[in-house]
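Here are the chains, one letter per residue:
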Amino acid sequence: MPYKDLREFLSRLEDQGELLIVKSEVNWDLEIGAILRRATDLGEDWPAVQFDQIKDYGEGHSLVANTLSNFRRYALALDLPKDTPPLEMVHEYKERLRYPISPRLVNEGPCQENIITGEQVDLYKFPTPKWNIRDGGKYFGTSCCAITKDPETGWTNVAVYRNIIHDKQHLGIFIGKTKHAMVMSQKHKQQNKPMPIAITVGQDPINLIAGYHNAEAEESEWEIAGGLRKAPVELVKCETIDLEVPATAEIVIEGEWLLNELREEGPYGEYSGYYGGERAARPVIRVKAITHRNNAIHTGSILGKPITETHVMSAIGHSAKLEQVLKDQLKLEIKSVYSHPWTIGHAVFVSARRDILGLGKRIAHAVWGSRIGYRKDYVIIVGEDIDVTNLGEVFWAITSRCKPDRDIVISPNEPASHLLTSLTPEDRRLGKGAHVVMEATFPADWPTEWVPKVCDWGHIPDEIKTLVKQRWREYGFREPPPSQSN
Ligand SMILES: Cc1cc2nc3c(=O)[nH]c(=O)nc-3n(C[C@H](O)[C@H](O)[C@H](O)COP(=O)(O)O)c2cc1C
Ligand SMILES: [Mn+2]
């Protein structure tokens, strides 16, 4: 990897014109959030942003956001050329999943250049924005990794769960029932022991990608991070708890997840594009120590309406994991898998052969049977000729090949995310939703003569294609970019 930590990655972004450093003073109270929202809504051409002067904080307190919110920056994080098309990134990610690398324990790291313990701990010393107007408070952890250990097996989990600041020494945590740290916390509770938890803020982007990865139980995301960066993640031991954290993290919270305390948390502008996780009593972390690098860089992730960082991350990471399940593990005859960023990680488009009876349903059941796929509420099957990264082509396939009463099957009472906004509040609480499979391919049992012929550039005879391409400039057109000149 050409970068070893967040700082080197930021230099790389700057060299590539993918980072804007704002030197003017900005207000943590809604202004930073609004700047990032505008840059997000204006489209993918906008850079990641580093704020160096934040009101009430002064020198030496920077905050960076939107580092992975477009495909170019995601490609740079994977050390690929920045114009790598999404499906190539999916394949590369899936390939790297085959070679996990264990983390390496080192004696010291810059994340412990400063150590604050006991009464000195004050979460408000770090520039945490109030991101959105309806947020239930200041969210310290948005682009963060929570590290926990299973008390029975010693398995280490790494995942991104949001953290609100309750007071100087307490954070709240918002976490789904099936998430690994939640399962581990219940085991700690049974043993009547508060759960040690470390939260790192400001890290190598690969660690964030790995924290977002839907690893299986007993599988450590550190090994996946090692595979993705093709080198081990270097970890150091925490000062006050029995956990290890990345040596180059900017800020590390060392704490314990309390057994018998809940505090009101939420809502927050969520990845669904709406405020989500309405105010309710949720688990609390008591902060025992904060360690940080000199001039620590705080990172944040603005979510909300697509396309934000999580949508880019789900488009590549979820698609890679699903492709691994469908193609490599189950050997289903599929071409491509894509969870388009505008589907907020709740749909998957799969292109596959049309003529294998029952293949579409098998794909859907396989998706729903997997950990990564059980909340892919919409499985849409298209033919091999459809580009699954192109929403227009997918909708063309649906409207031209899918007969609703024949090709759409709805499965009620399926597990659903508690953030799914199409559900009633009661069903959200229960996690009760529905799934649908839409087969947007002409039926497998149709004889070939029934299958309509597509009328596009592809059906033009080769000699006429060659003639037209040769004379293209003579007609007065300019050459199309290489990616479109088939
Ligand atoms: C920026 C960002 C914020 C996230 N916030 C939360 C959250 O607050 N709660 C949650 O349960 N999952 C959240 N997630 C999703 C989890 O990180 C993801 O599902 C992860 O795979 C869970 O890991 P686990 O399987 O080890 O539990 C977030 C992801 C990202 C990228
Ligand atoms: Mn996990």
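What you see is a predicted model; the values in this text were computed from it and never measured. Starting from 1, residues in each chain are numbered consecutively following that chain's sequence as written. Note on labels: chains are lettered from A, ligands numbered from 1, in written order. Two thresholds apply to this predicted model, a pLDDT of at least 70 for residue-level local features and 80 or more for giving and counting side-chain atom pairs, whereas whole-chain, interface and lining totals are computed over all residues.

## Re the overall build of the chain
Turning to step 1, where the next piece is worked out: Here a strand is any run of E in DSSP of at least two residues, a helix any run of H or I of at least four, and the numbering for each starts at the N terminus. When its secondary structure is counted, the chain shows 13 helices and 23 strands.
Turning to step 2, where the next piece is worked out: Against the globule reference of 23 Å for 486 residues, the chain gives a C-alpha radius of gyration of 24 Å, in line with a compact fold.
Turning to step 3, where the next piece is worked out: Any residue with 12 or fewer other C-beta atoms within 10 Å of its own C-beta is exposed, any with 20 or more is buried, and the rest are partly exposed; the C-beta atoms used are placed from the backbone. Residue burial in the chain is summarised as follows: out of 486 residues, 46% are buried.
Turning to step 4, where the next piece is worked out: Here contacts are defined at the residue level, using C-beta atoms placed from the backbone and a cut-off of 7 Å between them. At a minimum sequence separation of 6, the contacts of the chain that also span at least 24 residues come to 70%. C-alpha atoms define the radius of gyration in this analysis, and the globule rule sets the expected value at 2.2 Å times the number of residues to the power 0.38.

## Remarks on the site of ligand 1
Turning to step 1, where the next piece is worked out: Of all residues adjacent to ligand 1, which total 21 residues, the nearest are Ala159, Val160, Arg162, Lys179 and His180.
Turning to step 2, where the next piece is worked out: Of all the secondary-structure elements, those providing two or more residues to the shell around ligand 1 are strand E8 (156–159), helix H5 (180–190), helix H6 (205–212) and helix H8 (309–329).
Turning to step 3, where the next piece is worked out: Counting residues per element, the shell around ligand 1 draws most heavily on H8, which supplies three residues.
Turning to step 4, where the next piece is worked out: Partitioning the shell around ligand 1 into residue classes produces eight nonpolar, ten polar and three charged. Contact assignment follows one rule, namely that a residue is near a molecule or strand if its backbone-placed C-beta atom lies within 6 Å of it. Under the convention adopted here, Pro, Cys and the residues Ala, Val, Leu, Ile, Met, Phe, Trp and Tyr are nonpolar, Asp, Glu, Lys and Arg are charged, and Gly plus all remaining residues are polar.

## What about the sheet that holds strand E1 (residues 19–22)?
Turning to step 1, where the next piece is worked out: Read from one edge of the open sheet, four strands run E1-E2-E3-E18, paired in mixed fashion. Single-partner strands in this sheet number two, and they are E1 and strand E18 (297–300). Each strand of the sheet is rotated relative to its neighbour by a mean of 20°, with strand direction disregarded.
Turning to step 2, where the next piece is worked out: For two strands to pair, DSSP has to find at least two bridges joining them. Sheet topology note: the strand E3 (residues 62–65)/E18 ladder contains four bridges and is parallel. In the sheet register, Leu63 faces E18, and the bridge partner there is His298.
Turning to step 3, where the next piece is worked out: Together, E1, strand E2 (48–51), E3 and E18 form the strand contacts of helix H1 (residues 6–15), whose direction differs from that of E1 by roughly 105°. Each axis is a line fitted through C-alpha atoms, and for a helix only the stretch in contact is used; angles between axes span 0 to 180 degrees, taken between their N-to-C directions.

## Structural notes on the sheet that holds strand E21 (residues 378–383)
Turning to step 1, where the next piece is worked out: If you trace the five strands from one edge of the open sheet to the other, you get E19-E20-E21-E23-E22, paired in mixed fashion. Both edges of this open sheet fall to strand E19 (334–338) and strand E22 (408–415), since each of them pairs with a single strand only. Adjacent strand axes in the sheet meet at a mean angle of 15° when their direction is disregarded.
Turning to step 2, where the next piece is worked out: Strand direction decides the pairing type here: E19 and strand E20 (residues 347–352), joined by four bridges, are antiparallel. Within E20, the position partnered with Ser336 by the bridge is Ser351.
Turning to step 3, where the next piece is worked out: Running over the sheet, helix H10 (residues 391–401) touches E20, E21 and strand E23 (432–440) and is turned about 80° from E21.

## Structural notes on the pairing of strand E9 (residues 163–167)
Turning to step 1, where the next piece is worked out: Where strand E6 (residues 139–141) meets E9, two bridges bridge the pair, whose relative direction is antiparallel. Pairing of Gly141 across the sheet is with Asn163, part of E9.
Turning to step 2, where the next piece is worked out: Of the pairings in the sheet, the one linking E9 to strand E10 (residues 170–173) comprises four bridges and is antiparallel in character. Of the residues in E10, the one forming a bridge with Asn163 is Ile173.
Turning to step 3, where the next piece is worked out: Connecting E9 to the next strand, E10, in antiparallel fashion are two residues.

## Considering the domain arrangement of the chain
Turning to step 1, where the next piece is worked out: Segmentation of the chain into domains, including their bounds, is taken from an automatic or database domain assignment. What the domain assignment reports for the chain is domain 1 (84–300) and domain 2 (330–450).
Turning to step 2, where the next piece is worked out: Spacing between the C-alpha centres of domain 1 and domain 2 amounts to 32 Å.
Turning to step 3, where the next piece is worked out: Of the residues lining the interface, 13 residues belong to domain 1; the matching set on domain 2 comes to ten residues.

## What to know about helix H9 (residues 359–369)
Turning to step 1, where the next piece is worked out: Listed in full, the buried residues belonging to H9 are Leu359, Gly360, Ile363, Ala364 and Val367. Down the axis of H9, the buried side of the element spans an arc of 140°, and every buried residue falls inside it.
Turning to step 2, where the next piece is worked out: At its buried positions, H9 is contacted by H8, E19, E20, E21 and E23. When we speak of the arc, we mean the arc of directions from the helix axis to the C-beta atoms.

## Observations regarding H10
Note that an α-helix has 3.6 residues per turn; residues three or four places apart therefore point the same way.
Turning to step 1, where the next piece is worked out: Every buried residue of H10 is listed here: Val394, Ala397 and Arg401. Looking straight down H10, one finds that the buried residues subtend no more than 70° of arc, so they occupy a single side. Every exposed residue of H10 that faces more than 90 degrees away from the buried side is listed here: Gly392, Phe395, Thr399 and Ser400.

## Quick notes on unusual backbone geometry
Turning to step 1, where the next piece is worked out: Following Gly266, the chain continues to Pro267 via a peptide bond in cis, the omega torsion being -5°.
Turning to step 2, where the next piece is worked out: The omega torsion across Pro306 and Ile307 is 5°, close enough to zero to call that bond cis.
Turning to step 3, where the next piece is worked out: With phi around 60°, Asn192 is a residue other than glycine that occupies positive phi space.
Turning to step 4, where the next piece is worked out: Mapped onto the secondary structure, Asn192 falls in the loop between H5 and strand E11 (195–201).
Turning to step 5, where the next piece is worked out: Look at Asn192 and you get exposed, because 8 C-beta atoms sit within 10 Å.

## Thoughts on the packing of helix H4 (residues 86–97) against H8
Turning to step 1, where the next piece is worked out: Where H4 meets H8, the closest approach of the two axes is 8 Å, and the angle between their N-to-C directions is 60°. As judged from the angle between their axes, H4 and H8 are oblique. Judged by the sense of rotation from one axis to the other, the crossing of H4 with H8 is right-handed. Listed contacts from H8 to Pro86, Met89, Val90, Tyr93, Lys94 and Leu97 of H4 are Ala315, Ile316, Gly317, Ser319, Ala320, Glu323 and Gln324.
Turning to step 2, where the next piece is worked out: When its residues are assigned to classes, the contact of H4 with H8 shows eight nonpolar, three polar and two charged. An angle below 35 degrees is treated as roughly parallel, one above 145 as roughly antiparallel, one from 65 to 115 as roughly perpendicular, and anything else as oblique. Helix crossings are classified by the rotation of the near helix relative to the far one: an anticlockwise turn of less than a right angle makes the crossing left-handed, while a clockwise turn makes it right-handed.

## Side note on the environment of Ile116
Turning to step 1, where the next piece is worked out: Mapped onto the elements of the fold, Ile116 is located in strand E5 (residues 114–117).
Turning to step 2, where the next piece is worked out: On the neighbour-count criterion, Ile116 (16 C-beta atoms within 10 Å) is partly exposed.
Turning to step 3, where the next piece is worked out: Along the sequence, Ile116 and Ala416 sit 300 residues apart, while their C-alpha atoms lie 41 Å from each other.
Turning to step 4, where the next piece is worked out: What Ile116 contacts, discounting residues up to four positions off in sequence, is Val121, Ala289 and Ile290.

## Things to note about the packing of H6 against helix H7 (residues 221–229)
Turning to step 1, where the next piece is worked out: H7 packs onto H6 with a crossing angle of 130° between their chain directions and a minimal axis gap of 9 Å. Relative to H7, the element H6 is oriented oblique. The handedness of the crossing between H6 and H7 comes out as right-handed. Packed against H6, whose contacting residues are Ile206, Asn207, Ile209, Ala210 and Gly211, the element H7 presents Glu221, Ile224, Ala225, Leu228 and Arg229 at the interface.
Turning to step 2, where the next piece is worked out: Its residues assigned to classes, the contact of H6 with H7 comprises six nonpolar, two polar and two charged.

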